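Survey of secondary and tertiary structure
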Amino acid sequence: IGVVGVGQDITEINELMDESKRVADDLTRLIETANAPIFGINTAGQVTEWNRMVANITGYSKTEALGKDLVNNFISEQYKDSVSKVLNEALNGKETANFEFPLFTKHFERKIQILMSATPRRGP
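Thresholds, definitions, all that
- Residues numbered from 1 in each chain as written.
- Predicted model: local features only at pLDDT ≥ 70, side-chain atom pairs only at ≥ 80, totals over all residues.
- Heavy atoms only, no water.
- Helix = DSSP H or I, 4+ residues; strand = E, 2+ residues; numbered from the N terminus.
- Buried < 20%, exposed > 50% of the residue type's maximum accessible area, 1.4 Å probe, protein only.
- Contact = heavy atoms within 4.5 Å.
- Patch = residues over 30% accessible without salt bridge, like charges linked within 9 Å, V, L, I, M, F, W, Y side chains within 5 Å.
- Areas by Shrake-Rupley, 256 points an atom, 1.4 Å probe, with all protein chains shown as cover.
- Salt bridge = Lys/Arg side-chain N within 4 Å of Asp/Glu carboxyl O.
- Core = buried A, V, L, I, M, F, W, Y, C linked by side-chain atoms within 4.5 Å.
- 1 Å grid on protein atoms, 1.4 Å probe; cavity = no way out; pocket = protein on both sides within 12 Å on 5 of 7 lines; lining within 4 Å.
- Points joined across faces, edges and corners; volume = space filled by probe spheres on them.
- Nonpolar A, V, L, I, M, F, W, Y, C, P; charged D, E, K, R; others polar.
- Expected span 1.5 Å × (residues − 1).

Relative to the helices and strands, Lys80 is located in helix H5 (residues 77–91). We classify Lys80 as buried; its relative accessible area is 15%. Separated by 21 residues in sequence, Lys80 and Phe101 have C-alpha atoms that sit 9.4 Å apart. Setting aside chain neighbours within four positions, we find Lys80 in contact with Val71, Asn72 and Ile75.

Here we take up a nonpolar patch on the surface. A cluster of nonpolar side chains, contributed by Ile10, Ile13 and Met17, occupies part of the molecular surface with about 290 Å² of accessible area. Looking at the secondary structure, you find Ile10 in the segment before helix H1 (11–33). A residue is classified by how much of its surface remains accessible, and Ile10, at 41% relative accessible area, is partly exposed.

Judged by nonpolar contacts, the single largest core of 23 residues is most densely connected at Trp50, Leu70, Phe74, Phe101 and Met116. For this core, the elements supplying multiple residues, two or more each, are strand E1 (39–41), strand E2 (47–50), helix H2 (52–58), helix H4 (70–74), H5, strand E3 (96–104) and strand E4 (111–118). If we skip the residues at most four places from it in the chain, Phe101 touches Phe39, Ile75, Tyr79, Val83, Ile112, Gln113, Ile114 and Met116.

Time to look at the layout of surface pockets. If you roll a probe as big as a water molecule over the atoms, it shows you where there is empty space left. The calculated volume of the largest pocket comes to roughly 740 Å³. Around the largest pocket sit 23 residues that line it, and Phe39, Gly40, Ile41, Thr119 and Arg121 are the ones nearest its centre. Of all elements in the fold, only E1, E2, H5 and E4 reach the threshold of two or more residues within the lining of the largest pocket. With 5 residues, E4 is the single largest residue contributor to the lining of the largest pocket. Split by residue class, the lining of the largest pocket holds 14 nonpolar, 7 polar and 2 charged.

With that settled, consider H5. Given a rise of 1.5 Å per residue, 15 residues ought to cover 21 Å, and the 21 Å separating the end C-alpha atoms of H5 matches this to within 8%. Turning to H5, its buried residues number three or more, namely Lys80, Val83, Val86, Leu87 and Ala90. Structurally, H5 contributes buried residues whose contacts are with E1, H4, E3 and E4. Count one or two residues on from H5 and you reach Gly93, which has phi positive near 100°.

In structure tokens, the structure reads:
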């Protein structure tokens, strides 16, 4: 009676995973602290990213915005179709640069003019 152990050197795999995590953390920090409003949506149009700058200019906190439908909650009726089209095209792989539209502030005291570049997001 005895035990047979089989092992594998996973040092390199762990180092690669650590580096990937560092890069992901750096990118998250870059998005959150950028001096430009950055938001992201999922395929259902719900807000998944809402950085500090977009929170500052709209008055909506990240907590208030996450999970909300971007077009239905933050875009005026006049621009809903065109913004939806640009976002859907981005979700389908087509980038758009320099698309201008107004974004509502929390108390509707004014509209913020956004010049957006929409690009597809790959991965989860």
